[in-house]
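An overview of the molecular structure
Here's the letter readout for the chains.
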Amino acid sequence: MLSITLNHFLYLASALFCLGIFGIIVSRNAIKVLLSIEVMLAGVTVAFVAISRYVTPDTIEGQIITVFILTVAAAEAAIGLAILLAVYRNYQTVDMSRFNLLKW
Amino acid sequence: MFFSFTQAWPLWAQQIFYAIVPAVLVLAVVMTSVIILVWYERRWLGFLQHRYGPNRVGPFGLLQLIADAVKMMTKEDIMNRDVHKAMFTMAPIIAMSAAIISWAVIPFGEGQIISNMDMGIFFLFAVAGLGTFATIIAGYASANKWSTLGAMRGVGQAISYEIPLLFSLVPIFLMTGTFNLQEIVLQQQGSWFIWYQPFAFIIFYICMTAEVNRTPFDLPESESELVSGFNTEYSGFKFGGFFMGEYIASLTMCALITLLFFGGWYLPFANVPAIASLHTGMSGYFINPIVFLAKTYFFFGVTVWVRATLPRVTIGMLLSFAWKVLIPLTIVNIFATGLVLYILR
Amino acid sequence: MVIDGYGPLLGMIMIGAVLPTALVIFAWLLGPKFGSRLKETTYECGMEPTSEATGRFHIGYYLYALLFFVFEIEMIYIFPWAVAFHDLGLLALIEMFIFVTILVIALAYAWRKGGLQWT
Amino acid sequence: MFVNPTELNTLSITALMVIPLIGVLIIALQGKSENTKAPHYIAAATTFTVFVLSLVMAFNYWPYAGGDNQYLFRDTWDWVPYLNFSYDVAVDGLSLPMVVLTTFLLFICSLASWNVGDKQPKLYFALFLFLETALIGVFTSVDMLLFFIFWELELIPMYFLIGIWGGARREYASTKFILYTVLASAGMFISLLAIYFLAGVGFSYESVVASGVLRELSMLVQVLLFAGFFLCFAVKLPVVPLHTWLPDAHVEAPTPVSVLLAGVLLKMGAYGLFRFNFGLFPEATQYLATTLAVLGVINIVYGAMLALAQTDMKKVIAYSSVSHMGFILLGLASLNHMAFNGGILQMFAHGTITAMMFLMVGVIYDRAHTREIAKLGGLAQQMPMASSLFLITSFAAVGVPGFNGFIAEVLTFVGAFQSFPVLTIIAALGIVLSAAYMLWLQERVFYGPRKAVWNGLKDMNGLEKFNMFACLFVVMLTGILPFLILDIINPATVQLLGLLG
Amino acid sequence: MHEKDLIMIFPELLLIAAIFIATVADLFIRKENKSAVGYMVLLGMIGAMAALIGIKDYSTTFTYAGTFEHTGYSWWFRIMILAGGILTIMMSFVYAQERQSKPGEFFYLIAIATLGGMVMAGSGNMITVFLGLEMLSITSYVLVGMQREKAFAAEASFKYMLYGAVSSAVMLFGFAIIFGMTGTLDLAEAGAQLGGLLQGDASPAATMAMIMVLGGLGYKLAVVPFHQWCPDVYHGASYPVTAFLSVVSKIAGFAIIIRLVDYVFMGSGLEALAAQWALAFAVIAAASMILGNVAALPQTNVKRLLAYSSISHGGYVLLGIVAFMSLREAAPSNIAFLDGATSAVYYLFGYLFMNIGAFAGLMHFSRMAGSSEIKDIAGLAKKSPAVAFVTASCLVSLAGLPPFIGFLAKFYLFGAAVQSGYLWLALVGLVMSIVSLYYYAKVIKALYFDEQTVTDINTTPSGAGVTSTLAFSFAGILVSMFLAAPLIEIIRWSMERL
């Protein structure tokens, strides 16, 4: 039968995480960057849940932190979008290469 | 057991059998129900409005839907040139799939359920929530401002009413201590939860109506303002997908009302041994689904009745009603229930 | 992990996904294909389409979405609490009360600041 | 009036430092009256009180000068025990003259600031009094970290005093001053850290010397540590290649600040050298004595020659300070009893004499608004009193008998001759040169044809006369009765010589 | 959990209550009276501070299933963070009234961020670390961008948000790896196992996890490889927020880092490992000090200048951590034992006051001149001498000159570094302190020496808030110098209960 081990989940988690980082690096669209951050967090979540299930089946610490990560990710996304809205009002664009008032 | 004859089969065959047969059975019931319900709605609406409704095709117009279905399947599939083709095609499929899959956790009777998972209601709402994606994808992909606006309305409405909808169920969970729908119904053998939670029921009912975009909350497709809302650009079976998805979703919600507040497959006074025995054994296999479906159809009828009675509201009224009235009420209800339960314990 | 006991569910999901797809494809095969330039224009009650489809929307949608976000996420705390309520004491009720109070304050904030006003 | 110092809790050094801070507080707390003379009076009263107290302290110290207990009037408080760092102040024979000199000059300068302080008087006098605290702290710290703290602390008011009330290039001068000093004090800081970890007895000068750990180190390490301290003190002193901040600071600073700069701040360098370098590293001192002497002679001759070439009165005096500090360095480097006494007496003498000189320059600049020697001339007829006082000052600076400079120079030269005969003869050239530039200055400024431009100049006013005569009194008193100071210094030098072997 | 255990989070509960009340009250208070919200929050914070001091010796250590701990260490860090919050609130009254469209929110968001910092300092579990961090960060994003109509603020806020979100995701992934390797989220337990893992066969994965966690926290500290956001965000944000970020965020970050270092590297048999990592920390510290100080030299904007200076101060504190890691046994008995952690925390305590004081003072002058360029605040010392005096004192203290705490704290740090064998690091620190004097002097010079350039200055007083912030800062930098012994006593007491 189909047998899935911890490693499969960790590969998935790492892949999601790296995909997120990749997205942040390559995209110039601020919304895409926000989405990429969510993808990174999704990777983290997968890792935590899988580890919780396989490594510590007796405790639910991994699931608990996952719930918190989800919550915080939601809050962060909400705030991020709100800030982006403010940025958009000032710049009329979501292209990150145009956010150049400050020097970086 | 019904399927005891499979025990002699090899394992892989059993697995495939168990994977497919219950699903097909449920699907058959659901699809048939939709066909029946569309006719039922139109006739019932006709009656309420002092007109006939469909009455030409077949006896009492019973075959009207077959005719409609044939027409839908053979219409030309038009897509305007600005649409996002993949997303445009995906939307109705998602709408229908989401509606169908949510039936995986709905019990027709004790043990008559595809997946008796502990997180039943969570699963149901998670899957049903995908329908919202269908709406927004359809609106966005259509490249039509009425569609987009309709989709925005649809989503705004769906998410606003999702909160009181879920909050209104929390007292039920407080009482039952489980998310498993079958478990919840089993606890109602003695008395239905409607007696304990009338407020929760009323709120749930209102929210449910809004959630599935039925009148008086059918703003996403309000004809006078938005042509046909998010599905303006759809034709043929792609429109049919939304149409069927919506009816299945309504049915799901009616089923939920039945399961959560009206004792599911139990007849009244099911704690009386004579009636209780009806629900067990071989007779239960037939009586349970019949009672369940009968109740569900009844509540569907109630929604049609509401549709025929009330006018459509505006979007502002709709949304502020959810946030300013329903949510505070549900929260009060939660803590009242919690406190009472704590005192009674 | 061997997937066990979820077989029927998997079947339901598969059928639920395959059936609509099949129907859409089937309808596409059955239906006639005339096509014309006029048919492919965006439908705006027979008029020539005006302006972009994805313009700006009422800010209210956005505010409601944000509020929804918050409440929907809080749901994942309230639901387990509700289910486990039988095993928990009064303290849990009070804690949840505090928790929900924060939510209510958020709602009150949005209300008072006019976030729920649809003008 | 004379009390046994061991029982003398009422007379403490801390009190000397706290009184000016109380003055600062009073100045800070008195309303918004920007233009009254209140800060002037408060500052004068405070500095006078401190001066009197320091005199009382000196008189009380005197009978016990030769006693076993070297550090008297000691205040200690375990400040940071984890670092073995304590607040530990005391006076011995070496620091007492410096303390008296400081309090005296501060008092004189607070009077001399009568006009300077009119621009933001509150800030001026607050910084001024703060400076007094820091300076007393520098001269009385037994704990080396405390010494360092006061050393750095003195920079802050000085920076502002030059930077706000200075001349045209004040920012340049003050920045140069602070950067030179801070960079150099990093050297001391590093040596301090090294001593802390090598000796491991904390920061107390006394206990480090007593532990004798430093003397067991290899000569290289000793010399390096010596160099760290020396770098810091050499900038302050100033030793010739590091002296360039001094003319700038002197020229830009207002008169009273110049007085303090030359009269007290330069002495800090010499004092530090004598106390810490010599006390902590006797071997290295002996090893490097010749080098120090050579540096001293270069200072004397180079400073004097540059003084001859200046066209600005203040610069002449600034370079004369460089020259005179060379005498001190030579005296200290000679490592014998007489030269030590001479060197320390020279510190006191130069402090008072150079104060007189800068005060005189201030008098002239106040009236003529220029310090260009070429523009001045024939002032003796307009300002006879100033002329004669300047002449007396010149004599004092040159080392005419009867003034304390004479005693100091004689002792230094006689002592130095025993150690470095050749160098001393070269250094004697400095005396000749100093006579030359002082008398030349006198001649160019006060004599010669009377210039019509300066006709309206008034002679010195009462306050200026008081300042000058007060200084002159001290100079002549210690010139005629040098034992007043030598009796106090002598035990300290004897003890240090014992340390040097 | 016991009801009794709630006492140990009583300060936090008090603060939460104050925030609730302020939030609700804010909805009904008219715009011109919004200071009342600030007073409520301030009162709550002072109450929390009193409660915190009251529970100093409260014996129970853990609550909420071990996620929140009340040890001497967390106690002291919570005090520092709360003090930072109180000072920030006090200095923001005038700012919030004049420049903020939403002054009420401004106050309680600072309180929430402070609460986040306190949770971070008290966390005994990765969950709480994460929650505290995010509570602090998310509110900070909002605070930075609160002047929405200003493009500067919005851009700074967005950049800060991106950095923060990515960093916390990276940190979480590090946590996930650690969780996978050790099977626990408890900091102490996981740390203890991680020490062994870093040496064993699994060292690459463990090292990576450690780097990810430290990197994620590093952005809070703004030490060198993670510092890019700092000048921009400081430039775009308002003065009180900048002060808050540079102090409270930093202290909260160090609260976790010091504890992590202690748990992971201080086990027996890990000397070689700790030495390796200490070297890495030392390089970061040196880079921070050098880059921060050198890059600050050419700055013309006060906030950017202080941003770079704050980067360098992060480096100084890391120097103490380096000493902490390398100094494993007490030095020769005749020397007082220079404890690296104590020196780092002592420095942080001083930094708290001197930095907030400097920001408050410069806020006052920038407000006067209507600009935060150095050339525009020139000559304003005459207009408000007392503020100028305190500002100059704080800057002098930042430069490490006596008689303020900056000197003694730096001395302590350098001493600890030398004792632990990092002579070169101490020398770098020393040289960089001298370099820093140049740019701090530049600001002082502008205030005092230069002629006033801006003609239409705003002469309305900055109010009691700024005045009392300055008074407290001045008292702080002075008292923490003169009462160093009892202070260090307390810090050592708390460090022993790490």
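From a predicted model like this one, the values you see are computed outputs, not experimental measurements.

Analysis parameters
- Residue positions are given per chain, counted from 1 along the sequence in the order it is written.
- Starting at A for chains and at 1 for ligands, labels are handed out in the order in which the entities are written.
- Only residues with pLDDT of at least 70 get local features here, since the model is predicted, and only at 80 or more are side-chain atom pairs given and counted; chain-wide, interface and lining totals rely on the full set of residues.
- Hydrogens and waters are ignored; side-chain quantities use all the structure's heavy atoms.
- Here a helix means four or more residues in a row that DSSP labels H or I, a strand means two or more in a row labelled E, and each is numbered from the N terminus.
- A radius of gyration in this sense is built from C-alpha atoms; the matching globule rule multiplies 2.2 Å by the number of residues raised to 0.38.
- Remark: exposure states derive from per-residue accessible area (1.4 Å probe, protein chains only) relative to the maximum for the residue type, with buried under 20%, exposed over 50%, and partly exposed in between.
- UniProt positions are given in the numbering used here, feature names are shortened, and annotations may be inferred rather than shown by experiment.
- Here, residues are in contact when the closest pair of their heavy atoms is within 4.5 Å.
- By the criterion applied in these results, polar contacts are pairs of N or O atoms within 3.5 Å in which, for protein atoms, one can donate a hydrogen and the other can accept it, and in which residues neighboring in sequence qualify only through two side-chain atoms.
- What makes a patch is a set of residues exposed beyond 30% relative accessible area and free of salt bridges, joined within 9 Å when like-charged and within 5 Å when nonpolar (Val, Leu, Ile, Met, Phe, Trp, Tyr).
- Under the convention used here, a 1.4 Å probe and the Shrake-Rupley method define accessible areas, while residue burial counts only the protein chains that appear.
- Salt bridge, as used here, is a side-chain nitrogen of Lys or Arg placed within 4 Å of a carboxyl oxygen of Asp or Glu.
- Note on pairing: two strands pair once DSSP finds at least 2 bridges between them.
- Here, the term nonpolar core denotes a set of buried Ala, Val, Leu, Ile, Met, Phe, Trp, Tyr and Cys residues that are joined through side-chain atoms within 4.5 Å.
- A domain assignment, automatic or from a database, supplies the domain bounds used here.

**Examining the overall build of chain A**
Counting its secondary structure elements, chain A contains three helices and zero strands. Seen in sequence order, chain A has helices and strands lined up from the N terminus as α-α-α. A compact globule built from 104 residues would reach a C-alpha radius of gyration of about 13 Å, whereas chain A, at 17 Å, exceeds it by more than 25%. When each of the 104 residues of chain A is scored for burial, the buried share is 43%.

**Re the UniProt feature "transmembrane region" (unreviewed entry) in chain A**
Residue and element names in this part refer to chain A. UniProt records the feature "transmembrane region" (unreviewed entry) for residues 6-26, 33-52 and 64-88 in the present numbering. Structurally, residues 33-52 comprises 100% helix and 0% strand, and the distance from its first C-alpha atom to its last is 29 Å. With 100% helix and 0% strand, residues 64-88 has end C-alpha atoms that lie 36 Å from one another.

**Overview of the interface of chain C and chain B**
With 68 residues of chain C at the interface, the matching set in chain B holds 75 residues. The tally of links between chain C and chain B comes to three residue pairs in polar contact (both at pLDDT 80 or more). For the side of chain C that touches chain B, the secondary-structure elements that each account for two or more residues are α1 (7-30), α2 (59-83) and α3 (90-112) of chain C. In terms of residue count, the dominant contributor to the side of chain C that touches chain B is α1(C) (18 residues).

**A look at a nonpolar patch on the surface**
All names here are of chain B. On the surface, a cluster of nonpolar side chains totalling about 550 Å² of accessible area is made up of I35, F60, L62, L63, I66 and V70. Its place among the elements puts L63 in the loop between α1 (11-48) and α2 (64-74). Residue class for L63 comes out partly exposed when judged on its relative accessible area of 44%.

**Details of the pairing of strand β1 (residues 72-80) of chain D**
All names here are of chain D. Here β1 runs beside strand β2 (residues 85-91); their pairing, made up of five bridges, is antiparallel. Looking at β2, one finds that L72 is bridged to V91. The antiparallel pairing of β1 with β2 creates a hairpin that spans four residues between the two strands, and N84 there sits at a positive phi of about 55°.

**Some words on the nonpolar core**
By size, the foremost hydrophobic cluster in this structure holds 449 residues, and its most contacted members are F77(E) and Y448(E). It is helix α13 (residues 340-369) of chain E that provides the largest number of residues to this core, a total of 20 residues. Summarising the domain contributions, this core has at least three residues from each of domain 1 (1-268) and domain 2 (279-497) of chain E. Leaving out residues up to four positions away in the same chain, Y448(E) has contacts with L123(D), F160(D), I164(D), A381(E), P385(E), A388(E), F389(E) and A392(E). Residues I106(B), M117(B), F299(B) and F68(C) belong to the second largest nonpolar core, which totals 116 residues.

**Focus on the side chain of Q188(B)**
Residues and elements named next belong to chain B. Counting through the fold element by element, Q188 comes out in the loop between α6 (181-186) and α7 (198-211). Here Q188 falls in the buried class, since its relative accessible area comes to 0%. A polar side-chain atom of Q188 sits 3.3 Å from the main-chain amide nitrogen of F193. Of the polar contacts made by the side chain of Q188, one reaches the backbone nitrogen of G263; its length is 2.9 Å.

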